[in-house]
Amino acid sequence: MDSESVYNLIPPAEVKAPKQALYVSKHSKTPPGAKPKRQAATFGKTNNAANPGTFLKKNGGRGTATTAAAGALPADLSGTRHRTERKPGVPSKDERPVMGLVSSKNYITANAVDNILAVPRRPQDTAPNYLEKPDFGQVPQYLGRVKAQIDEEYKMIQSLQEAPDQTSQQLKMLSEEDRLRMLDGLKANWERINKQYQTLSFSVDTASKKRRKEEYEAMLEQIEKDIKKTSEGLHFCCR
């Protein structure tokens, strides 16, 4: 640790390092094959600022003071969007309007006379006159179509009634022995399918198991309906 000294209160002189020379490459700044940069391509040309003293002044544009005072426009401005003659000017503050004009016409009496002498308007009849229609008094066409359709239905029903009952001739009543034999066969089928249904797994975790279970249930339900029909009433079968 340095010992305290009065000389330490004086700041040492700043020594600047010598600055090295700027490096400049010996190669060209533009790469080979590149297009040369255009001068003033973005910000415009230099030394072309507008002079603020040369602004547009009165009567300094197109035309002269005489033509503007006369109210006519130059030939190049006359067209569809410009008028050849200007409108009359606004009255000045010194011009006084014409006052004291009084009319002797009685507007109340004139209005009453006009209404009395006016011809009343006839109400326009906008309702259609059905008596003047070309098909007045004639039968509508849709009634003819409906009547023909009803006649066809009656003819079809009559032909069905007159035709011989062929279905009754082709059927015969089932005997009691055949009925019991059919009933035993249905019960045997129910026992066989029910046994296969009981062997299925309890968990239905796949699509195939679910489909097989639904098929067995539908078959058992249909066989139960057939057993119930066979156990009751008379039965007929085709020959």
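Residues numbered from 1 in each chain as written. Predicted model: local features only at pLDDT ≥ 70, side-chain atom pairs only at ≥ 80, totals over all residues. Heavy atoms only, no water.

A tally of regular secondary structure across the protein gives six helices and two strands. From first element to last, N terminus to C terminus, the protein shows the α and β order α-α-α-α-β-α-α-β. When each of the 239 residues of the protein is scored for burial, the buried share is 5%. Contacts in the protein between residues far apart in sequence, at least 24 positions, make up 58% of those at least 6 positions apart. (Helix = DSSP H or I, 4+ residues; strand = E, 2+ residues; numbered from the N terminus. Buried < 20%, exposed > 50% of the residue type's maximum accessible area, 1.4 Å probe, protein only. Contact = heavy atoms within 4.5 Å.)

Soluble globular proteins: nonpolar side chains tend toward being buried together. Grouped together as the largest cluster of nonpolar side chains are seven residues: Leu-183, Leu-186, Ile-193, Tyr-216, Leu-220, Ile-223 and Ile-227. Among the secondary structure elements, those contributing two or more residues to this core are α5 (176-198) and α6 (207-231). Ranked by residue count, the leading element in this core is α6, at four residues. The residues contacting Leu-183, other than those within four sequence positions of it, are Ile-227, Thr-230 and Ser-231. (Core = buried A, V, L, I, M, F, W, Y, C linked by side-chain atoms within 4.5 Å.)

We now examine the packing of aromatic side chains. All chains considered together, the criterion is met by zero aromatic pairs. Note that Lys-57 overlies the ring of Phe-55, its terminal NZ or CZ placed 5.6 Å from the centroid. (Phe/Tyr/Trp six-rings, centres within 6.5 Å; stacked < 30°, edge-to-face > 60°. Lys NZ or Arg CZ within 6 Å of the ring centre and 35° of its normal.)

With that settled, consider the confidence of the model for the protein. Across the protein, pLDDT averages 80, with 82% of residues at or above 70. Element-level pLDDT for the protein is lowest in helix α1 (residues 65-70), with a mean of 45, against a maximum mean of 92 in helix α2 (residues 107-117). pLDDT under 50 marks residues 64-71. Its contacts with residues more than four places away, or in other chains, come to five contacts. (pLDDT = per-residue confidence, 0-100.)

So, about the pattern of salt bridges. Summed over all chains, the structure comprises four salt bridges. Ionic pairing is found between Glu-176 and Arg-179, a salt bridge with its closest N-O pair at 2.4 Å. Here the residue Glu-176 and the residue Arg-179 both occupy positions in helix α5, the gap between them amounting to three residues, near one helical turn. The exposure class assigned to Glu-176 is partly exposed, which follows from its relative accessible area of 46%. The salt bridge involving Asp-205 is made with Lys-209; its shortest N-O contact spans 3.5 Å. A relative accessible area of 58% places Asp-205 in the exposed class. (Salt bridge = Lys/Arg side-chain N within 4 Å of Asp/Glu carboxyl O.)

Right, let's get into α2. By the criterion of burial, α2 is predominantly exposed, with just zero of the eleven residues buried. Two or three places before Ile-108, at the start of α2, stands the capping residue Asn-106, its side-chain oxygen 3.3 Å from that residue's backbone nitrogen. (Polar contact = N/O pair within 3.5 Å; in protein donor to acceptor, adjacent residues only side chain to side chain.)

Attention now moves to the side chain of Arg-179. Classification of Arg-179 as buried rests on a relative accessible area of 13%. Within the local environment of Arg-179, its side chain forms a polar contact with the side chain of Glu-176, the two groups lying 2.4 Å apart.

Our next topic: the packing of α5 against α6. Relative orientation and spacing of two packed helices are given, respectively, by the angle between their axes and the distance between those axes. The N-to-C vectors of α5 and α6 enclose an angle of 160 degrees; their axes lie 10 Å apart at closest approach. In terms of orientation, α5 and α6 fall into the roughly antiparallel class. Here α5 and α6 pass one another in a crossing that is left-handed. Where α5 abuts α6, its residues Arg-179, Met-182, Leu-183, Leu-186, Lys-187, Asn-189, Trp-190, Ile-193, Asn-194, Gln-196 and Tyr-197 lie against Lys-213, Tyr-216, Glu-217, Met-219, Leu-220, Ile-223, Glu-224, Asp-226, Ile-227, Thr-230 and Ser-231. When its residues are assigned to classes, the contact of α5 with α6 shows eleven nonpolar, five polar and six charged. (Axes fitted to C-alpha atoms, helices over the stretch in contact; angles between N-to-C directions. Parallel < 35°, antiparallel > 145°, perpendicular 65-115°, else oblique. Left-handed = near helix turned anticlockwise from the far one by under 90°. Nonpolar A, V, L, I, M, F, W, Y, C, P; charged D, E, K, R; others polar.)

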